[in-house]
2 protein chains.
Amino acid sequence: MDFAVHTLGCGSAKPSLRHQPSSTIVEFRNNLFMIDCGEGAQLAMMRKRLKFQRLRHIFLTHLHGDHVLGLPGLVSTLDLHGTGGELTIHTTSEGEKILSPILKAFAGFTDFKINFNILSPSGGETAFENHSLKIRTVRLNHRVPTLGYIFEEKPRLRHLRRDMCDFHGVPMSQFNKIKAGHDFIKPDATVIPNDRLTSPPSPSLSYAHISDTAYTPRLAEEIGPVTLLFHETTYLDADLPLAAPRGHSTARQAAEIAKASGAKWLLTGHYSSRYSDDGLFRKEAEEIFPNVILNNEGLTTDLTKL
Amino acid sequence: MDFAVHTLGCGSAKPSLRHQPSSTIVEFRNNLFMIDCGEGAQLAMMRKRLKFQRLRHIFLTHLHGDHVLGLPGLVSTLDLHGTGGELTIHTTSEGEKILSPILKAFAGFTDFKINFNILSPSGGETAFENHSLKIRTVRLNHRVPTLGYIFEEKPRLRHLRRDMCDFHGVPMSQFNKIKAGHDFIKPDATVIPNDRLTSPPSPSLSYAHISDTAYTPRLAEEIGPVTLLFHETTYLDADLPLAAPRGHSTARQAAEIAKASGAKWLLTGHYSSRYSDDGLFRKEAEEIFPNVILNNEGLTTDLTKL
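Residues numbered from 1 in each chain as written. Chains lettered and ligands numbered in written order. Predicted model: local features only at pLDDT ≥ 70, side-chain atom pairs only at ≥ 80, totals over all residues. Heavy atoms only, no water.

Caption draft 1: The overall build of chain A, seen in detail. On a plain count of helices and strands, chain A comes out with 11 helices and 18 strands. On C-alpha atoms alone, chain A measures out to a radius of gyration of 22 Å, which is about the 19 Å that the 2.2 N^0.38 rule sets for 306 residues. The principal-axis extents of the C-alpha atoms in chain A amount to approximately 70 × 55 × 35 Å. For chain A, the residues scored as buried account for 54% of the 306 residues in total. As displayed, chain A has an accessible area near 13000 Å², and 52% of this comes from carbon and sulfur atoms. (Helix = DSSP H or I, 4+ residues; strand = E, 2+ residues; numbered from the N terminus. Rg over C-alpha atoms; globule rule 2.2 N^0.38 Å. Buried < 20%, exposed > 50% of the residue type's maximum accessible area, 1.4 Å probe, protein only. Areas by Shrake-Rupley, 256 points an atom, 1.4 Å probe, with all protein chains shown as cover.)

Below you can see the structure in the form of structure tokens.
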């Protein structure tokens, strides 16, 4: 898929038979990027037929067990496959300190390599960048240092107007340059402006992953108007007094952030095990913000169709 | 249950959608004893409705990921419950060195306490003992130091012959002494020998947990004639050349140990993910030893009914 979000686990710290601990896969073109790796994430990947070989980056939001304790098992499996390659774990220096010894103890027997990309707990950094994607961090407001991740597709190429290209005799070897915005210079030195040969690119897509955090209004601006905003909805507003002291948000508060940030869609999740009807999270959020997707294990959200 | 073995996971190192990594619960009267804790063990306990509160001891066979990587998550959950109490992890000093830091990082926030009982990798020790049960270790033959565990119920009390007790006027206050084997002395100093008042106790039950190991004939004698022998059956005999170099056994070899040790029943398991028909393990073992129980996730084997 071109740009999609696969939910492996959308429960919170107390395990239940209804929801798995946190883990999400962002599929972007040929790559899989994992955000958090709660226990059971590797099995959830297998159930979704997401190939381990395509996973080269794992981004950790913070160091609570329900977000990282599937990592040793997953890394051990990647190592067992014996196909070599590298995995980069994006976390704070504290994360490397805590996780590195256990990963070394249970993996590293083949030529599979683990790198750490050390991030500042203050956010505001680029965690990853290539020619088509940038992943930046924002500082969340939880009980321990916690990062959110914003996946931003870089501007797409302009669409060629095939009829105009044919009319002006643009050779195929020039297509990539024209799509990138260059004018076409004919053999007789006539300049054909780019906008005669192309139409504007499709809008770039973006995804924000905001878990775990107390309601923090400044986040709306820092996140910006993304295509899809996952914002934790640990509690319902009926339990509002529990949320802030525990560094979590209610579904209504998540919807307030979605509205203020200009997000197109809101994805719920990180549900407390105290509730048995997840539909209530959507219902509460929809009172503030209309476009709510109710998260669940195994859900795939295709950003190109939003 | 009085004495039962609950299988949480009976797969081997490579995860699959068919079998979970290793974990077993031995239920003995009111206590749950866990042997190994592969990823997902806590969820498997919940599925079997085995209460976390009854679990106070975890015995590790060795330090491969598929036998221990569910431990941090389980311990974190026990801690989260906030009900206090203690958990003792029985492992080698190497086990404490590797596991202690990660357990400290993800648990220990409430007054829940983790102890380590350090065992010798040479086996031949008593790992646990109370008035009714003894758990001893045997050294297995794997690629890293590995222990098997033998659960031996202590001799049961003799059965009272109610009619004879009434006839001789034995008061209820004496029943426990009589069941323990004492004679009864009447008020007139007449001695009634114990065997007139009681019949022999039911035979004591025993369980041996032998995973992971290459075929090792000396084990038969060290294990002894247990009621139920779990002996790993990682491979089928068709793949015999793989077994010993990897420190594993075939189903036929497990059956040879069951036969030589005088076990009553053999329980299979630790299946390699290369096979799709588990029934072949039973079929192969039954050619050597008739009483084979085919293991699977969620299976409960009640020793009192064997």
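Moving on, there is more to tell.
Caption draft 2: Representation of the interface of chain B and chain A in the model. Contacts between chain B and chain A engage 30 residues on the former and 29 residues on the latter. Counting each side, the surface lost to burial between chain B and chain A is near 2400 Å², with a carbon and sulfur contribution of 75%. It is E39, L69 and F106 of chain B in chain B that bury the most area against chain A; as a group they hold 27% of the surface buried on that side. Here chain B is connected to chain A by 4 residue pairs in polar contact (both at pLDDT 80 or more). Contributions of two or more residues to the side of chain B that touches chain A are made by helix 1 (41-47), helix 2 (65-68), helix 3 (71-80) and helix 4 (93-106) of chain B. (Contact = heavy atoms within 4.5 Å. Buried area = accessible area lost by both parts, 1.4 Å probe. Polar contact = N/O pair within 3.5 Å; in protein donor to acceptor, adjacent residues only side chain to side chain.)

Caption draft 3: Looking closely at the nonpolar core. The biggest cluster of nonpolar side chains holds 56 residues, and the ones touching the most others in it are M34 and M45 of chain A together with M34 and M45 of chain B. Discounting residues that sit within four places of it in the chain, M45 of chain B has contacts with L8, I25, L32, M34, L50, K51, F52, L55 and L74 of chain B. (Core = buried A, V, L, I, M, F, W, Y, C linked by side-chain atoms within 4.5 Å.)

Caption draft 4: Region of interest: empty space enclosed by the protein. All names here are of chain A. All chains considered together, the criterion is met by 7 cavities of 30 Å³ or more. Estimated volume of the largest cavity: approximately 90 Å³. Those elements that place two or more of their residues in the lining of the largest cavity are strand 1 (3-9), strand 2 (23-28), strand 3 (31-37) and strand 14 (206-210). By residue number, the principal contributor to the lining of the largest cavity is strand 1, which donates 3 residues. Of the residues belonging to the lining of the largest cavity, the class tally is 6 nonpolar, 10 polar and 1 charged. (1 Å grid on protein atoms, 1.4 Å probe; cavity = no way out; pocket = protein on both sides within 12 Å on 5 of 7 lines; lining within 4 Å. Points joined across faces, edges and corners; volume = space filled by probe spheres on them. Nonpolar A, V, L, I, M, F, W, Y, C, P; charged D, E, K, R; others polar.)

Caption draft 5: Quick look at the packing of aromatic side chains. All names here are of chain B. All chains considered together, the criterion is met by 18 aromatic pairs over all chains. Ring plane angle 90 degrees and centroid distance 5.1 Å describe the contact between F3 and F28, whose orientation is recorded as edge-to-face. Taken together, the residues span a long stretch of sequence, with F3 in strand 1 (residues 3-9) and F28 in strand 2 (residues 23-28) at a distance of 25 residues. Judged by relative accessible area, F3 falls into the buried class, the value being 0%. (Phe/Tyr/Trp six-rings, centres within 6.5 Å; stacked < 30°, edge-to-face > 60°.)

Caption draft 6: The arrangement of a positive patch on the surface in detail. Among the surface-exposed residues, K14, R143, R246 and R274 of chain A lie close enough to one another that they form a single positively charged patch. Along the chain, R143 of chain A turns up in the loop between strand 8 (133-139) and strand 9 (147-153). (Patch = residues over 30% accessible without salt bridge, like charges linked within 9 Å, V, L, I, M, F, W, Y side chains within 5 Å. Salt bridge = Lys/Arg side-chain N within 4 Å of Asp/Glu carboxyl O. Lys, Arg positive; Asp, Glu negative; His and termini not counted. Charge placed at Lys NZ, Arg CZ, Asp CG, Glu CD.)

Caption draft 7: Representation of helix 11 (residues 279-286) of chain B within the structure. Residues and elements named next belong to chain B. Taken together, the buried positions of helix 11 are F281, E284 and A285. An end-on view of helix 11 places all buried positions within 95 degrees of arc, on one side of the element. Against helix 10 (251-261), strand 16 (265-267) and strand 17 (292-293) lie the buried residues of helix 11. (Arc of directions from axis to C-beta.)

Caption draft 8: Here's a closer look at the relation of the copies chain B and chain A. Each copy superposes on the other: chain B lies on chain A with an RMSD of 0.1 Å after a rotation of 180 degrees and an axial shift of 0.0 Å. The relationship between the two copies is best expressed as a two-fold rotation axis. A share of 97% of the interface residues of chain B reappears at the interface of chain A, consistent with the copies meeting face to face through the same patch. (Least-squares fit on C-alpha atoms with pLDDT ≥ 70 in both.)

Caption draft 9: A look at the packing of helix 3 (residues 71-80) of chain A against helix 4 (residues 93-106) of chain A. All names here are of chain A. Taken N-terminus to C-terminus, the directions of helix 3 and helix 4 make an angle of 40 degrees; their axes are 9 Å apart at the nearest point. On the basis of the axis angle, helix 3 is oblique to helix 4. In this structure, helix 3 crosses over helix 4, and the sense of that crossing is right-handed. Only L99, I102, L103 and F106 of helix 4 make contact with helix 3, whose side of the interface consists of L71, P72, V75 and S76. Considering only residue class, the contact of helix 3 with helix 4 consists of 7 nonpolar, 1 polar and no charged. (Axes fitted to C-alpha atoms, helices over the stretch in contact; angles between N-to-C directions. Parallel < 35°, antiparallel > 145°, perpendicular 65-115°, else oblique. Left-handed = near helix turned anticlockwise from the far one by under 90°.)

Caption draft 10: Region of interest: the sheet that holds strand 18 (residues 300-302) of chain B. Residues and elements named next belong to chain B. Spatially, the 7 strands line up as an open sheet ordered 6-5-4-3-2-1-18, and their pairing is mixed. Both outer strands of the open sheet, strand 6 (113-118) and strand 18, are each paired with one neighbouring strand and no more. Within this sheet the neighbouring strands show an average axis-to-axis angle of 20 degrees, counted without direction. Inspection of the sheet shows strand 1 paired to strand 18 by 3 bridges, in the antiparallel sense. Counted as the bridge partner of A4 is D302 from strand 18. On the sheet, helix 4 packs against strand 5 (86-91) and strand 6 and is oriented at approximately 165 degrees with respect to strand 6. (Pairing = 2+ DSSP bridges.)

Caption draft 11: A look at the side chain of T227 of chain B. Residue and element names in this part refer to chain B. Note on placement: T227 falls in the loop between helix 8 (218-223) and strand 15 (228-231). Given the relative accessible area of 7%, T227 is considered buried. Every residue in contact with T227, bar those within four places of it in the chain, is listed here: S204, L205, S206, K264, W265, L303 and L306.

Caption draft 12: The environment of Q53 of chain A, seen in detail. For Q53 of chain A, the location among the structural elements is in the loop between helix 1 (41-47) and strand 4 (55-59). For Q53 of chain A, a relative accessible area of 45% translates into the label partly exposed.

Caption draft 13: Focus on the pairing of strand 6 of chain B. Residue and element names in this part refer to chain B. In this sheet, strand 6 lies alongside strand 5 in parallel orientation, the contact comprising 6 bridges. Bridging from a neighbouring strand, E86 pairs with K113 of strand 6. Handedness of the crossover joining strand 5 and strand 6 through helix 4: right-handed. (Right-handed = clockwise from strand over helix to strand, strands pointing away.)

Caption draft 14: Expanded view of the environment of T233 of chain B. Residue and element names in this part refer to chain B. The residue T233 is located in the loop between strand 15 and helix 9 (240-243) in this model. In this structure T233 comes out as buried when scored by relative accessible area, which is 0%. Between the alpha carbons of T233 and L147 there is a distance of 16 Å; along the sequence they are 86 residues apart. Setting aside residues up to four positions removed in sequence, T233 forms contacts with S249, T250, A251, A254, T268, G269, H270, Y271 and F281.

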